[in-house]
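Letter by letter, the chains look like this.
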Amino acid sequence: MIRTLGKAAIGFLKELSNFFYLTRDILYWIFIAPLKGKRIRTESIAYQIVRVGVRAIPIICLVLFLVGMILAVAMSPLLVRFGVPSLIANIIAVSVTREIGALLTALVMSGFAGASIAAEIGTMNVSEELMALETSALNPVYFLVVPRVLATAIALPCLVIISDVAGIVGGLITSRLLLDVSPSLYMQLTYESIEIRVLVYSTIKSVIFGMIIASLACYHGIKVRGGAEGVGKETTSSVVYSMIFIILANLVFSMFYNMYLEVYK
Amino acid sequence: MEEQKNQQNQKEEQKREVVISAKNLSKIFSGRTVLKDINLDIYKGERLIIIGGSGCGKSTLLRCLINVYQPDCGSLKFFGTELVGLKDEKKMDEVRKRFGILFQNGALYNSLTVGENVALPIREHSNLAKSVIDIMVKVKLELVGLRDFGHLMPSQISGGMQKRVALARAIALDPEVLFYDEPTSGLDPIMTAVIDELIVELNKKMNMTSVVITHDMASAYRIAHRIVMLYKGEVIAQGTPEEIKNSQDKFVQQFTQGLADGPIPLRVSSKDFYEDLLEGVRPNEIR
């Protein structure tokens, strides 16, 4: 029992130190290497933004549109009982822009982009492409990991803004149908509820979420051993760990927001 | 007479430039010794073939030579630079630029076209204009007979062609040493002969040192200046193709002649079969 626990603890620490080294390398190639004249591969980043970001727009819109509707449906009986149906606009605007938009977009992206990146790098690993890069004196972190991390970190805030709009529209349609709130009133109340600092907070949060998703996906891809089975296993791990770390990071962000940014009226 | 010849050979060897020198190289994986005290000098311009059965340590040796695996003990010098324990990535990259590798499955970058695969190392390690790189790519592809295939994706060409593209990529930076990891495995006899010919041609035209890992004896005899045989992680024989062909060593004979019976066992279990079968069974249970 103690031996098993010890082994598990050592394994966990090893994983942690490996991930730390990868993160250190990523940060080096993003912030320090450009100062030494090593350019950031913008064409590769643009390609990855299209791959992981643009192609995710339909699924993100659909998910947040439906979540906006669900929120409106769930809240409508309560708001009718209290006689404030128009409050639905404020509730949806605040919840979507502050928490739900960024969180759900990141969770969807961990499955959409994270799994795809982990499987791609894992397959490259199995087919010796990573070794081919390394032995050609081409750093795999610089060539493969950094463009993916930057692309996801850039794409995610944009997707969050789109998802916020989709959630608000979903709420608007439902509140029009169920609560008879006029679209103009809904939009006016929404506009009044959205604060710039919340949008900035949400954007910063989503950049961090993007980095978590891509760096974990790349880490698991690089870790792949043993062919197709290994690729499948690490892809699943990448999605699971991404989700856990995103939720944990969101919790930390929420606490930070409550401590420093929330203004109790 | 024999002694004089040996002495002459030794003197000749001393004159030739040693490109790679391995001394007492060992590699251990999870307590299992995969390479044991390998001593090997590889000379400039030579075509060295490393042969041996599956699991004898050929690929591990190759990975140690290209510094993908760090040996557990011993010394490995590449053009005089000690690679064991070398932590300086910049120095390592300088060494890496001096050799090329043809991987067993080609290891082409699937998201890039054939031409881009060959262009990538040139683009990243030089400041040449795109037009010049395009010309160089054409030259490299012409060397392997695939000049018109630059626009295709790796998935659109056959396995043999992929290997030739991988070879073009491996020679993109005109390396001084070229490693081949089972270059002819999975290829038909004609394609095998084509690859063998390419290896010899590249060696002659570019004076490239070639280190080939294979278990295809026909290829080995066609290509080799010198053959080294590994068995259980140790060098058990080395010599010219003629010497290996005429070797009286039972292990070498079994391998080179492809015999099922011989000193190299089929089974690799450490335990006795019957002991293993009956392990944990009580005597009163087998009646």
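Residues numbered from 1 in each chain as written. Chains lettered and ligands numbered in written order. Predicted model: local features only at pLDDT ≥ 70, side-chain atom pairs only at ≥ 80, totals over all residues. Heavy atoms only, no water.

Re helix H7 (residues 183-193) of chain A
Residue and element names in this part refer to chain A.
At step 1: Among all positions of H7, only Tyr186, Leu189, Thr190 and Ser193 are buried. The arc that holds every buried residue of H7, seen down its axis, measures 105 degrees, which confines them to one face. Among the exposed residues of H7, those pointing more than 90 degrees away from its buried face are Ser184, Tyr191 and Glu192.
At step 2: Its buried side turned inward, H7 meets helix H4 (87-126) and helix H6 (140-179). (Buried < 20%, exposed > 50% of the residue type's maximum accessible area, 1.4 Å probe, protein only. Helix = DSSP H or I, 4+ residues; strand = E, 2+ residues; numbered from the N terminus. Arc of directions from axis to C-beta. Contact = heavy atoms within 4.5 Å.)

Let's talk about the side chain of Lys163 of chain B
All names here are of chain B.
At step 1: Positionally, Lys163 belongs in helix H6 (residues 159-170).
At step 2: Within the buried set, Lys163 has no salt-bridge partner at all; the shortest N-O distance to an opposite charge, 7.7 Å, is to Glu182.
At step 3: There is a polar contact of 3.0 Å between the side chain of Lys163 and the backbone oxygen of Ser185.
At step 4: Those residues within four positions of Lys163 in sequence are excluded, and the remaining contacts are Leu102, Phe103, Gln104, Glu182, Pro183, Thr184, Ser185, Leu187 and Ile195. (Lys, Arg positive; Asp, Glu negative; His and termini not counted. Salt bridge = Lys/Arg side-chain N within 4 Å of Asp/Glu carboxyl O. Polar contact = N/O pair within 3.5 Å; in protein donor to acceptor, adjacent residues only side chain to side chain.)

Some words on the pairing of strand S1 (residues 18-29) of chain B
All names here are of chain B.
At step 1: Pairing geometry for S1 and strand S2 (residues 32-43), over eight bridges, is antiparallel. Across the sheet, the residue bridging to Ile20 is Ile42, located in S2.
At step 2: As consecutive antiparallel partners, S1 and S2 are separated by two residues, and within that stretch Ser30 has a phi angle of approximately 45 degrees, a positive value.
At step 3: Bridge count between S1 and strand S4 (residues 73-78): five bridges; the pairing is antiparallel. Directly across from Ser21, in S4, lies its bridge partner Lys77. (Pairing = 2+ DSSP bridges.)

Considerations on the domain arrangement of chain A
Residues and elements named next belong to chain A.
At step 1: Domain boundaries in chain A define domain 1 (1-33) and domain 2 (43-261).
At step 2: Spacing between the C-alpha centres of domain 1 and domain 2 amounts to 25 Å.
At step 3: Note on domain 1 versus domain 2: buried area summed over both sides is about 1,000 Å², and carbon and sulfur give 81% of it.
At step 4: If you sort the residues of domain 1 by the area they bury against domain 2, Phe19, Leu22 and Trp29 come out on top, with a joint share of 50%.
At step 5: Here domain 1 is connected to domain 2 by one salt bridge.
At step 6: Lys223 is the salt-bridge partner of Glu15, the closest N and O atoms lying 2.9 Å from each other.
At step 7: Summed over the shared surface of domain 1 and domain 2, the number is two residue pairs in polar contact (both at pLDDT 80 or more).
At step 8: Among the residues making up the side of domain 1 that touches domain 2, the classes are represented as five nonpolar, one polar and two charged. (Domains from an automatic or database assignment. Buried area = accessible area lost by both parts, 1.4 Å probe. Nonpolar A, V, L, I, M, F, W, Y, C, P; charged D, E, K, R; others polar.)

Let's talk about the interface of chain A and chain B
At step 1: Contacts between the two partners involve 14 residues from chain A and, on the opposite side, 20 residues from chain B.
At step 2: Where chain A abuts chain B, roughly 1,500 Å² becomes buried across the two surfaces, and 57% of that area is made up of carbon and sulfur atoms.
At step 3: Per-residue buried area on chain A facing chain B is highest for Glu128, Met131 and Thr135 of chain A; these three make up 35% of the total on that side.
At step 4: Here chain A is connected to chain B by three salt bridges.
At step 5: The salt bridge partner of Arg63 of chain B is Glu128 of chain A, with a shortest N-O separation of 2.6 Å.
At step 6: Here chain A and chain B share six residue pairs in polar contact (both at pLDDT 80 or more) between them.

Some details on unusual backbone geometry
Residue and element names in this part refer to chain B.
At step 1: Non-glycine residue Asp174 carries a positive phi angle of around 50 degrees.
At step 2: Given the relative accessible area of 42%, Asp174 is considered partly exposed.
At step 3: A positive phi is found at Lys232, a non-glycine position, where the angle reads about 50 degrees.
At step 4: By the secondary structure assignment, Lys232 is in the loop between strand S9 (226-231) and strand S10 (234-239).

Comments concerning the sheet that holds strand S6 (residues 99-102) of chain B
Residues and elements named next belong to chain B.
At step 1: Strand order in the open sheet formed by six strands is S6-S7-S8-S3-S9-S10, with mixed pairing between adjacent strands. Each edge of the open sheet carries a strand with a single partner, namely S6 and S10. Pairs of neighbouring strands in the sheet enclose a mean axial angle of 15 degrees, with direction left out of account.
At step 2: Note: strand S3 (residues 47-51) against strand S8 (residues 209-213), four bridges, orientation parallel. By the bridge assignment, Ile49 is partnered in S8 with Val212. (Axes fitted to C-alpha atoms, helices over the stretch in contact; angles between N-to-C directions.)

Details of the pairing of S3 of chain B
All names here are of chain B.
At step 1: For S3, a buried count of five out of five residues is recorded, marking the element as mostly surrounded by other parts of the structure.
At step 2: Where S3 and S9 come together, four bridges link them in parallel fashion. Note on S9: the bridge partner recorded for Ile50 is Val228.

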